[in-house]
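Okay, here's what each chain looks like letter by letter:
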Amino acid sequence: PAGVHYEQFREMCDEGKLEPDLCKQLNRAFDKICQAQHLEGAECTHFLSGQTGDGIKDALFSLAALGMAAICFCNAVPLCGYCGARQNSRCMVSCFMVFNFLG
């Protein structure tokens with residue numbers, strides 16, 4: 001659930017509020033994160049607690065903004081080709097061809 005911190009997630013699993021399979025999958029993912037950071041026990045719990053909540057939400061919003069910018073830039077190449085063909089502009093058509101080969 002959105003806005004749930006690591007400690008709340010653990011309590012929800014312990015109390016049976018979440019499906020056991022979901023808890024197992026998430027616990028495995030959390031364990032992999034801690035192993036990658038070389039953390040164990042209380043250090044792992046502290047690290048995971050700091051990674052949930054607003055930090056993840058901010059990262060997701062940043063990722064969404066980056067995705068939208070990428071979509072806009074990806075549409076610039078076909079637009080360049082369309083405008084070049086429509087205006088019979090050799091420069092714009094050449095730009096379109098170069099970026100098509102690079103992509």
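Rules used in this analysis
- In every chain, residue numbers begin from 1 and rise along the written sequence.
- Confidence filtering applies because this is a predicted model: local features only for residues at pLDDT of at least 70, side-chain atom pairs given and counted only at 80 or more, and all residues used for totals across whole chains, interfaces and linings.
- Side-chain metrics in this entry use all non-hydrogen atoms of the structure; hydrogen atoms and water are not considered.
- Whenever Lys or Arg places a side-chain nitrogen within 4 Å of a carboxyl oxygen from Asp or Glu, that contact is recorded as a salt bridge.
- Relative accessibility thresholds used throughout: buried, under 20% of the residue-type maximum; exposed, over 50%; partly exposed, between the two (1.4 Å probe, protein chains only).
- Exposure above 30% relative accessible area and the lack of any salt bridge qualify a residue for a patch; like charges then connect within 9 Å, and the nonpolar side chains Val, Leu, Ile, Met, Phe, Trp and Tyr within 5 Å.
- Computed with a 1.4 Å probe, the accessible areas rest on the Shrake-Rupley method; for each residue, only the protein chains presented here act as cover.
- Segments assigned H or I by DSSP are reported as helices when at least four residues long, segments assigned E as strands when at least two residues long, and all are numbered from the N terminus.
- By definition, residues are in contact when any of their heavy atoms lie within 4.5 Å.
- Picture the helix axis, draw a direction to every C-beta atom, and the arc is the one those directions span.
- Among the buried residues, those of types Ala, Val, Leu, Ile, Met, Phe, Trp, Tyr and Cys that are joined through side-chain atoms within 4.5 Å form a nonpolar core.

**Q** I'd like to hear about the pattern of salt bridges, residue by residue, with values.
**A** Considering all chains together, one arrives at one salt bridge under this definition. When the shortest N-O distance is used, the salt bridge between Glu15 and Lys17 registers 3.2 Å. Residue Glu15 is classed as exposed on the basis of its relative accessible area, which comes to 52%. Residue classification places Lys17 among the exposed residues on the basis of a relative accessible area of 59%.

**Q** Just give me the short version of a nonpolar patch on the surface, but keep the residues and values in it.
**A** The grouping of Val98, Phe99 and Leu102 at the surface amounts to a nonpolar patch, some 320 Å² of accessible area in total. Along the chain, Val98 turns up in helix H5 (residues 90-102).

**Q** So what about the environment of Met92? Which residues, and what values?
**A** With respect to the element layout, Met92 can be found in helix H5. Residue classification places Met92 among the partly exposed residues on the basis of a relative accessible area of 26%. Residues Met92 and Val77, 15 residues apart in the sequence, show an inter-C-alpha distance of 9.6 Å. The contact partners of Met92, leaving out residues within four places of it in the chain, are Cys80, Cys83, Gly84 and Gln87.

**Q** Any details on helix H1 (residues 6-14)? Residues and values, ideally.
**A** Of all the residues in H1, the buried ones are Tyr6, Phe9, Met12 and Cys13. Around the axis of H1, the buried residues are gathered within 120° of arc, so they sit on the same side. In the segment just after H1, Gly16 is the residue with positive phi, at about 80°.

**Q** How would you summarise the nonpolar core if you had to cite specific residues and measurements?
**A** The nonpolar side chains of soluble globular proteins are, as a tendency, buried together. Counting 10 residues, the largest nonpolar core is built from Tyr6, Phe9, Met12, Cys13, Leu18, Cys23, Phe30, Cys34, Cys44 and Leu48. Taken together, the elements giving at least two residues each to this core come down to H1, helix H2 (20-36) and helix H3 (41-51). For Cys13, the contacting residues outside a window of four places in its chain are Leu18 and Cys23.

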